[in-house]
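Okay, here's what each chain looks like letter by letter:
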Amino acid sequence: MSTDAGTRRARTRRRRSRAFLVAFAVVIAVLGVVGLAGAAVTTAQGPRVTRVSVDPDAAVNAAGSRLIFTTTQSLSHVQSDQVTVTPAAAFTVDTSGRSVGVRFALPLWDDTEYTVTISGVTGVGGGPSTTITKSFLTPPLQSYVLQRATGGDTVFRTDLAGDAAVPVFTDAQIEDFRATAGYLVVSTMDAEGHSHLIVTDPDGQNPRELPLPGEGTVTNLQSADRGNLIGYTFTDADVGSAGARASVLFTASLTESQSSEEPTQVTRTGGESRVDDWRFVPGTDSLLMLTFDGALTLVSPSGGAPVALGNAVAITGIARGSTTVVVERVDGPVAIDLATAQEAALPATDKALGQVNSVIPLADGQTLRVLAQLDGFTVRSTTVHLVDQQGAARAVLSVEPKDTLIETCVSPSGRYAAFLVAPDAVDNPYDGHQQPLPQKLQTHVVSLADGHEQVALSGFDISWCQTPPRL
């Protein structure tokens, strides 16, 4: 091989290398210019929405649902006064990177178009501001009711039209049930009088049994507003014998991954732990217990110190989306803020409306009050009034004297109330269940805005109720 040939090949390789480097540099420069131009255009236009995430179904069933905008730029902090929700709904707002989220404090109204608008949205690098908006339609509200019958009891899923009820779970004897975001839990009783807790999907499929503390009976079944946590009171089958448990509070998870775990007992340190009534506190892991000695105590399963709240006769309700509970003291009902333990008297209603039988708090500070006019020991009339924070009352339901109002429950959003009524109470015999109820029951669903009745459902225990009916 000649020296000239080797030199020519070396010069060729150097020319090709230089050509490649020049071409590569040109491409990089062009891409850089394009990228800078794109960034300049994006900055000049302001943030633009690339994705919106919202779950309308979850929004009508539980507090805390979110609408999230994702944009083309990292965003400056968005203030709450930049956000408008139509129709009006309580919310909080948070900003993270290219996303801004609006969290709804309470469940939204069903079958309603909502529009969320955020004005003055800017990128962290400056540039013009933009307005971003999203509209979405919430679905019609679905609920569950329980019907008892001679041939077996059935949980139905239904809408507020009342003409599309679908049976989802049937058993020889159903005492109670609760619905969470992902499951149904049904309290049944076998021929020996022992309780069972059956967990299914929301459509009643894939049933499995939840472990209980032993053989005995389950009462006062409740579910937390968030997650898939339930609680109940348990009494041993051999109650009365040495060491037997009576009305002991337990909690358990419905998630399949924890399906084999034993339930957790909730006790009141240093005092009576048998429970007459109790509630989950919305948005926390705490529980409010009313024990057999009349003590009202706030306890935390995670280990926090119990908070004594004095004595009470009954717990009448906790407003969803708040920490306000109404309890019946010996001298009448009071409202307690469980976040601060501060107590406040309730505004009085006109005495002409009748005697207050029960008070159910709403998240907006109003209350539903069941009022009865008496003639000695005879009930002349029963009405339910919506009472504002100044005591002004507006009637939303009137019950015939021959009928009995058993329970009042409020829908998750506070839009409706459900009134459980036993018609013709004198001629309405009770069934033979552990918790007996009149054989004929109707659930009247009423709009609280105008008192209009939406539907009258055959059955009871509508899934809005936080507790089972108590006579």
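Computed from a predicted model, the values in this text were never measured in an experiment.

Focus on the overall build of the protein chain
(1) Moving on: For the protein chain, the helix and strand inventory stands at two helices and 34 strands.
(2) Moving on: Relative to its length of 471 residues, the protein chain is extended, with a C-alpha radius of gyration of 30 Å against a globular reference of 23 Å.
(3) Moving on: Principal axes of the C-alpha set define a box for the protein chain whose edges measure 125 × 55 × 50 Å.
(4) Moving on: Counting all 471 residues of the protein chain, 44% fall into the buried class.
(5) Moving on: Put simply, of all contacts in the protein chain between residues at least 6 apart along the chain, 44% involve residues at least 24 apart.
(6) Moving on: Looking at the protein chain, you have 33 positive and 48 negative side-chain charges, and the mean spots of the two groups are 23 Å apart.

Quick word on the sheet that holds strand S8 (residues 142–147)
(1) Moving on: Taken together, the three strands give an open sheet; going across it, the order is S8-S9-S10, and neighbouring strands pair in antiparallel fashion. The open sheet is flanked by S8 and strand S10 (166–171), the only strands paired with a single partner. On average, each strand axis in the sheet is inclined to that of its neighbour by 20°, with strand direction left out of account.
(2) Moving on: The pairing of S8 with strand S9 (residues 153–159) spans six bridges and is antiparallel. Across the sheet, the residue bridging to Leu-146 is Val-155, located in S9.

Topic: the pairing of S10
(1) Moving on: The pairing of S9 with S10 spans five bridges and is classified as antiparallel. Each bridged residue has a counterpart across the sheet, and for Val-155 the counterpart in S10 is Phe-169.
(2) Moving on: The hairpin formed by S9 and S10 contains six residues between the paired strands, and Gly-162 there has a positive phi angle of roughly 80°.

What to know about the side chain of Thr-71
(1) Moving on: Considering the arrangement of structural elements, one finds Thr-71 in strand S2 (residues 66–71).
(2) Moving on: Assessed through its relative accessible area of 0%, Thr-71 is described here as buried.
(3) Moving on: At 2.9 Å, the side chain of Thr-71 forms a polar contact with the backbone oxygen of Gln-73.
(4) Moving on: Contacts of Thr-71, omitting those with residues within four sequence positions, involve Pro-47, Arg-48, Val-49, Thr-50 and Arg-98.

Rules of the game
- Residues numbered from 1 in each chain as written.
- Predicted model: local features only at pLDDT ≥ 70, side-chain atom pairs only at ≥ 80, totals over all residues.
- Heavy atoms only, no water.
- Helix = DSSP H or I, 4+ residues; strand = E, 2+ residues; numbered from the N terminus.
- Rg over C-alpha atoms; globule rule 2.2 N^0.38 Å.
- Buried < 20%, exposed > 50% of the residue type's maximum accessible area, 1.4 Å probe, protein only.
- Contact = heavy atoms within 4.5 Å.
- Lys, Arg positive; Asp, Glu negative; His and termini not counted.
- Charge placed at Lys NZ, Arg CZ, Asp CG, Glu CD.
- Pairing = 2+ DSSP bridges.
- Axes fitted to C-alpha atoms, helices over the stretch in contact; angles between N-to-C directions.
- Polar contact = N/O pair within 3.5 Å; in protein donor to acceptor, adjacent residues only side chain to side chain.

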